[in-house]
Amino acid sequence: MTTTIWSLLLVGVLVALTYKRSSLKVAAGAMAAFTVAAFVFGASTAVSVIALIVAAALGVLSLDGFRTNTVTKPIFNFYKKILPQMSETERTALEAGTVWWDGELFSGKPNWQMLLNHPNPTIPQREQDFLDNQVKTLCSMVDEWEISQNGDLAKEIWEYIKKERFFSMIIPESYGGLGFSAQTQSAVLQALTVSGATFSTVGVPNSLGPGELLLKYGTQEQKDHYLPRLADGREIPCFGLTGPRAGSDATSLPDVGVVCKGTWEGKEVLGLKLNFEKRYITLAPVATVVGLAFRMFDPENLLGDKKDVGITVALLPRHLEGMDIGNRHKPIGSPFMNGPIFGKDVFIPLDFIIGGAEMAGQGWRMLVECLSVGRCITLPSSGAGGGKYSIAATGAYARIRRQFNVPIAKLEGVQERVARIAGNTYTAGAAARVTAIAIDEGHKPSVPSAILKYNLTEIARAVANDTMDVHGGKAIIRGPKNYVESGYSSVPVAITVEGANILTRSMITFGQGAIRCHPFVLPEMETAKANDLKGFDKALFGHFGFIFSNMSRAMVLNLTNAAFTGVPVSGPTKSYYKQLNKYAASFAICVDIAMSTLGGELKFRELISARLADMVSKMYLASMVLKHWADQGSNKEDLPLVQYSIEKLFYEFEEAHDGFLKNLPARPAAWLLRALTMPFGRRAQAPSDKLVAKVVDLVSYHTDTRERLIQGVYRDETYGTAYNNKMRNPLAVYDSLLDRVEKAEGIYKKIGEALKAGKYDEAALSIEGRIKDGVSMGVLTAEEGEFMLDFEKDVLEMVHVDHFPLEHFGPVAENHDKDVAKKTSSKKKSDEASA
């Protein structure tokens, strides 16, 4: 064989060994065998010598003791010197939660069988009954327009929420709570997106709040006292974390509690004097118990020798002297209860600390551990539920709203937006459901919580914008008939709270994942800190092998477009699993190159971190889509929706990938990465126009796909019963219209053909007039005429907007009334003078 062939064989063997992640001993043996073959079969001297050197090097490195003392030890000593100090708050945030599917994506070689074997449980019957009864009843009571006008939920709604224990979904039955699964919690909250104020009122106590903190960290006495009272609504909780000077940087709390002696219930006890100012606190104006985060100090060493005890969380009854609570903020778009809390020299006993005095200083750990679960449920549910409500209304509206003699669902500009709403909704619903099941399985997915919080609230923003565009003028006039405005106006609330989206994308998602999910970085750091040379050696050479493996995998998978990679599925989605294998390998090597070239500076290169966060986010969401489709029975009817969602996510992955490569400061490293991970440039294509049209047909007719997509949305006829109004639920009206729309379209066609044939008097411009004339001319049957008049009545109900008498607008109306009267009087005098 020629030198070229032998050289290619040598490269091929090395690539195969690294691709398969072979151990050093296996690799050394394979290279020794290749060297022998090269000598026997007459390879060139250069190839034989190179093979021999590689085999010898691998053989030496496979000797653990020799490698540790001669190769690893100098690196170990250097690494300890450059290892950045990690603050206690950073360490706590990193250690919070568990690693789940996110770890597989960071590995570069995801174990698909693990995801496919992930459970697919149905909602327990007791919890399904609650969804079918109490949740539907609550949805039937609300009227978002009335709530916005009154500035609060109706008294009957508050009483029903308490009576049916909506605040206690996370509280076990043993304490009088509902004790629901995470999957059911998400389903409840998705249904409640029919009203933003109701969603927030129910969602916050079941997310980051005293209930969950008490369950995990409270003393038995605290649990026994508070949990039953929180469950039945005797206590309404709020949680005070954010303040004027501590927003996204929650660890910089200026609120303080100083250990001192004071009087409580007539006795001198050891306690805390608190001074604080909190804002944006949901339920604060009506709360009876306040969870409060503050910085605890012990200047007189009354508890020990530590003066700065750290962030601490306590429970404060509303009646405490010195605490001012009750004023309200006015959140944009939705008047849920939200307000500031002030405290000056508020004294509390030490046993008000959640978990008692021994939990002093543990507040940050408590918060981040709870947040990793709550952020996976509440705000993602708003994105998933809001999307379902939107596509249920927008798909139907696009089918029944006609312009240019066709449904606007046939106009490609409208189709683009309707399909995007549908695809985003499918993605959000899949991610929310599958991740909630992971929580029920015992996972506390901190990185997925950041992925879902950012991406699903951004999906909510995109869905709201597209919904407004499709509805046009219908959406911009406020009033009871506008079912779009509230969701659109209140989107910024979800974007901002529980970790602002800018921060979540640019710092948290990848910042946590790079260390927490990487298979070797955290072990390297921990063994170095523990001065464990053997442990460091194992992590270090595992990391080297990991890098070379991902380089080989990225190169091979990108050159072949993942054609030969194995995945444990067949059928129409098989290629998507293969592409995700390619993307995971590319992402993994990008992570290591970014970390090695930027080092500690990566923490401050937020746009680099944000693009890496986008890459892992798109892979995670695509994985959830594939799992969700499989869980629902791999319905072929839903394939266009799956294809649209996946293709959109892949396109966005490559957009982020390309942006990362263009902006990585180490340009030679960026060129190498481009050669390995994007040798042919961007290959993913955005969903085609043809696919867009297919998706729109699926969601704008009464199809099984539409039913699966909007499952759980409140669609009963009753609406606003707490206000005794007579409004029909718009989704119920749309369901009725979609049941009849195909028959109506056939009749529209008949009328259109008669128009073209000149049978109509041009003066008969209204559709109602054309229907009646069509019956009299024999173009339509009497039954068709009656059907169409009834159909058009409902259509007109859905396209109408509200209008109000001038006096509705108060002082402004009075000014205009005076102006109109003045002009009328002047005109009358002028007319009299002319006469």
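Above this text sits the structure in question.
First, a word on scope: everything that follows refers to the structure included in this document. (Residues numbered from 1 in each chain as written. Predicted model: local features only at pLDDT ≥ 70, side-chain atom pairs only at ≥ 80, totals over all residues. Heavy atoms only, no water.)

### Looking at unusual backbone geometry
Operational definition: For helices the rule is a DSSP run of H or I covering at least 4 residues; for strands it is a run of E covering at least 2, with both sets numbered from the N terminus onward. For every residue, the accessible area (1.4 Å probe, protein chains only) is compared with the maximum for its type, and the residue is labelled buried under 20%, exposed over 50%, or partly exposed between those bounds.
The phi dihedral of D345 is positive, around 55°, even though this residue is not glycine. Within the secondary structure, D345 sits in strand β7 (residues 338–349). Classification of D345 by relative accessible area gives partly exposed; the value is 39%. At N405, a residue that is not glycine, the phi angle is positive and equals roughly 70°. Looking at the secondary structure, you find N405 in the loop between β8 (402–403) and β9 (406–407).

### Section: the environment of D232
This is how it is decided: The contact definition used throughout considers only heavy atoms, calling two residues in contact when any of these lie within 4.5 Å.
Tracing the backbone through its elements, the reader meets D232 in the loop between α14 (220–231) and β1 (237–240). If near-sequence neighbours (up to four positions away) are discounted, D232 is found in contact with K162 and R165.

### Some remarks on the packing of helix α8 (residues 125–141) against helix α10 (residues 155–163)
Operational definition: In this description, a line fitted to the C-alpha atoms serves as the axis of each element, helices being fitted only across the stretch in contact, and the angle between N-to-C directions of two axes falls anywhere from 0 to 180 degrees. If an angle is under 35 degrees, it is roughly parallel; if it is over 145, roughly antiparallel; if it lies from 65 to 115, roughly perpendicular; otherwise it is oblique. Take the far helix as the reference: if the near one is turned anticlockwise from it by less than a right angle, the crossing is left-handed, and if turned clockwise, right-handed. Each residue is assigned to one class: nonpolar for Ala, Val, Leu, Ile, Met, Phe, Trp, Tyr, Cys and Pro, charged for Asp, Glu, Lys and Arg, and polar for all the others, Gly among them.
Contact geometry for α8 and α10: axes closest at 10 Å, N-to-C directions at 165°. Considering their axes alone, α8 and α10 lie roughly antiparallel with respect to each other. α8 and α10 meet at a crossing whose hand is left-handed. The residues of α10 that touch α8, namely those facing Q134, T137, L138 and M141, are E156, I157, Y160 and I161. Residues that form the contact of α8 with α10 fall into these classes: 5 nonpolar, 2 polar and 1 charged.

### Looking at the pattern of salt bridges
Filter applied, for reference: Think of a salt bridge as a Lys or Arg side-chain nitrogen and an Asp or Glu carboxyl oxygen that are within 4 Å of each other.
A complete count under the given rule lists 39 salt bridges for this structure. Its salt-bridge partner being R126, residue E173 comes within 3.5 Å of it at the nearest N-O pair. In this pair, E173 sits in the loop between α10 and α11 (182–191) while R126 sits in helix α8, placing the two residues 47 residues apart along the sequence. Here R417 makes a salt bridge to D469, at a shortest N to O gap of 3.2 Å. One end of the pair, R417, is in helix α16 (residues 412–440); the other, D469, is in helix α17 (residues 446–471), with 52 residues separating them in the sequence. On the accessibility criterion, D469 (48% relative accessible area) is partly exposed. Shared partners join several salt bridges into a network, and the residues in it are E717, R728, R740, D790, D794 and E797.

### A short note on the packing of aromatic side chains
Basically, it comes down to this: Each aromatic pair joins two rings of Phe, Tyr and Trp (for Trp, the six-membered one) with centres within 6.5 Å, and gets the label stacked for planes under 30 degrees apart, edge-to-face for over 60, and tilted for any other angle. When the NZ atom of lysine or the CZ atom of arginine is within 6 Å of a ring's centre and also within 35 degrees of its normal, the charge is said to sit over that ring.
Tallied over the full model, the rule gives 21 aromatic pairs. Taking 6.2 Å as the distance between ring centres and 15° as the angle between the ring planes, the aromatic pair formed by F787 and F791 counts as stacked. Taken together, the positions of F787 and F791, both in helix α31 (residues 782–799) and 4 residues apart, correspond to about one turn of that helix. Residue classification places F787 among the buried residues on the basis of a relative accessible area of 14%. An aromatic cluster is built from F130, Y160, F166 and F180, whose rings are joined through pairwise contacts. Directly above the aromatic system of F541 lies the positively charged group of R67, at a separation of 5.0 Å from the ring centroid. Across from the ring centre of Y19, 5.0 Å away, lies the NZ or CZ of R553, which sits over that ring.

### Section: helix α25 (residues 639–663)
Going by this rule: Any helix carries an expected span of 1.5 Å times its number of residues minus one.
The end-to-end C-alpha distance of α25 is 36 Å, a good match for the 36 Å that 25 residues give at a rise of 1.5 Å each. The element α25 is largely enclosed, with a buried count of 19 among its 25 residues.

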